[in-house]
Amino acid sequence: MTRPQERSGLKLALLAFAQFVVAIDYNIVYIALPDIGRELGFTAQSLQWVVSAYAVTFGGFLLLGGRAADRLGERRMFILALGLYATSSLGGGFATEPWMLLTARTVQGLGGALLFPTILSLINKSYAEGPERNKALTVWGVAASGGLAAGALLGGLLTNGFGWAAVFLVNVPLALGAAIIAPWLLPADPPREGGRGGFDVPGAVVATAGISLVVFGLASGPDAGWSSSRVIGSLLVGAALVAAFVLIERGTRNPLAPLRLFGNRSLAVAMIDILILVGTLGGEYFLYTTYLQNVLGYSPLTAGLAFLPLTLISMVGGKISLTLLNRQGIRPTIFTGMLVAGIGLAALAMGMSPNSSFAALLPGLIIWGLGAGIAFSALFVAASAGVSPAEQGVASALASTSQQLGSAIGLAVIVAIARAGLTGQTDAPSTIVDGLRTGGWVAAAATAAGALIALTLKRQPVAPTVDAVSPEGPDSVAAGMTISNAL
């Protein structure tokens, strides 16, 4: 019979693996885009929606996904979300028309929106606040970093070896396998209490529409132009709906996102810094890829391999984060991670030049990856601090929504800065590099500002080590850490 601590470790390994699957999809599709566009007949303007269709749905439905986990049960939502992920990935792999692939990506985004906050809610409810949860979220963060590395690498390998469809079909056995195992490792959902009320349907509709329109407007900017009616209209209507959502939440008995959660300073600061960290991450990914392929002349596969040092060192940063969290606390850990990441971004910008080499980029990549790895897990630890178990799903969804909005805002702003002054036709490498370096300096400054924002967190006493507080002992998360090392 499986011992309780072994079962706890296996449960964490399952949750980390599910996060690994979600993270793979963040990067895996990028390298396949040229082949997808050519074989399915996308235009140059419409091809970006292979990415944006996922991003819009993912960002728009996160709050609904988090509240569904709280109200309907985490295990139910975990299995449902993985089922949606597998089904939509299968449909995407067999798509023969642009609309078929975009529909599959939209459903895939819905699956991700249900799965992401559910994973975090399961972790936050299963492991006590303090060192035990810190360790569990570190495993989760390392799995996320491993998924990013695997996505960049697999995208090139699968596209070159089996064609673009393989980047979608690979998700099917991964997601189905996790869904099949879930009933044996995840605790059964408690029966719903009749007095708890139902969903805040008006709030759900307005929040989903508002956030989706904001993400849609930001994603449309590089394609349609920032002064276009589509972009301005989407952003204005989206902002108005978000404002209406706040009014709805003030007057409902069963709010989708209780406004009192925003009074939790730890959650509020975490949301701001998650937006900044992920925003600079997404923007710098674009700058880095553009530099490798358009300036250094790397092939898509080689460019994917060039992401490995960054992602692997971020996994090391995740493990350092655990030590800092347990010894120093949340505030110093986030401050250190954000500051180191900002220094790394500045060093990466300085390493870019028309006649440079990959070796000149390594110092910046290492410092940036280390800092991002330290900050990432710590930010989600902060987002869960002081939140009741019944609201961990929606708190996770709020943090996840900040992550998605940060990705859209960061990419839009940094790409606009990097492209300023370019004609897009015969730009010299020196001109391209000037724009990329400017974007890098802006990302570095924003990340350093995030370090200062972290100082507004309250000081918290450092808890005893996990051995002293966990009734199951350190083995309760050791199996999960072992699995994450393999990832």
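Everything in this summary refers to the structure shown in the same document. (Residues numbered from 1 in each chain as written. Predicted model: local features only at pLDDT ≥ 70, side-chain atom pairs only at ≥ 80, totals over all residues. Heavy atoms only, no water.)

We now examine the packing of helix H4 (residues 74–93) against helix H5 (residues 98–126). Closest axis-to-axis distance for the H4/H5 pair is 8 Å, and the angle between their directions is 155°. Here H4 lies roughly antiparallel to H5, going by the angle between them. Here the hand of the crossing between H4 and H5 comes out left-handed. Here the contact of H4 with H5 is composed, by residue class, of 15 nonpolar, nine polar and two charged. (Axes fitted to C-alpha atoms, helices over the stretch in contact; angles between N-to-C directions. Helix = DSSP H or I, 4+ residues; strand = E, 2+ residues; numbered from the N terminus. Parallel < 35°, antiparallel > 145°, perpendicular 65-115°, else oblique. Left-handed = near helix turned anticlockwise from the far one by under 90°. Nonpolar A, V, L, I, M, F, W, Y, C, P; charged D, E, K, R; others polar.)

So, on to the packing of aromatic side chains. Following the criterion strictly, the structure yields twelve aromatic pairs and no others. Measuring from ring centre to ring centre gives 5.6 Å for Tyr-54 and Phe-58, while their planes differ by 35°; the resulting arrangement is tilted. Taken together, the residues Tyr-54 and Phe-58, both in helix H3 (residues 49–72) and four residues apart, mark about one turn of the helix. Overall, Tyr-54 belongs to the buried group, its relative accessible area being 9%. Here a set of aromatic residues connected by ring pairs shows up, and it is made of Tyr-54, Phe-58, Phe-116, Trp-140, Phe-376 and Phe-380. (Phe/Tyr/Trp six-rings, centres within 6.5 Å; stacked < 30°, edge-to-face > 60°. Buried < 20%, exposed > 50% of the residue type's maximum accessible area, 1.4 Å probe, protein only.)

Turning to the environment of Leu-236, a few remarks are in order. Here Leu-236 lies in helix H10 (residues 229–251). As a C-alpha pair, Leu-236 and Val-214 span 22 residues in sequence and 8.1 Å in three-dimensional space.

Here we come to the pattern of salt bridges. In this structure the tally under the stated criterion is four salt bridges. One salt bridge connects Arg-38 with Asp-35, and the closest N-O pair in it is separated by 2.3 Å. Within this pair, Arg-38 and its partner Asp-35 are both found in helix H2 (residues 33–40), separated by three residues, close to a single helical turn. Judged by relative accessible area, Arg-38 falls into the exposed class, the value being 59%. In this structure, the salt-bridge partner of Arg-76 is Asp-189, at a minimum N-O distance of 3.6 Å. Here Arg-76 is found in helix H4, whereas its partner Asp-189 is found in the loop between helix H8 (171–185) and helix H9 (201–224), with 113 residues between them in sequence. Here Arg-76 falls in the partly exposed class, since its relative accessible area comes to 43%. Asp-189 sits in the buried class, given a relative accessible area of 14%. (Salt bridge = Lys/Arg side-chain N within 4 Å of Asp/Glu carboxyl O.)

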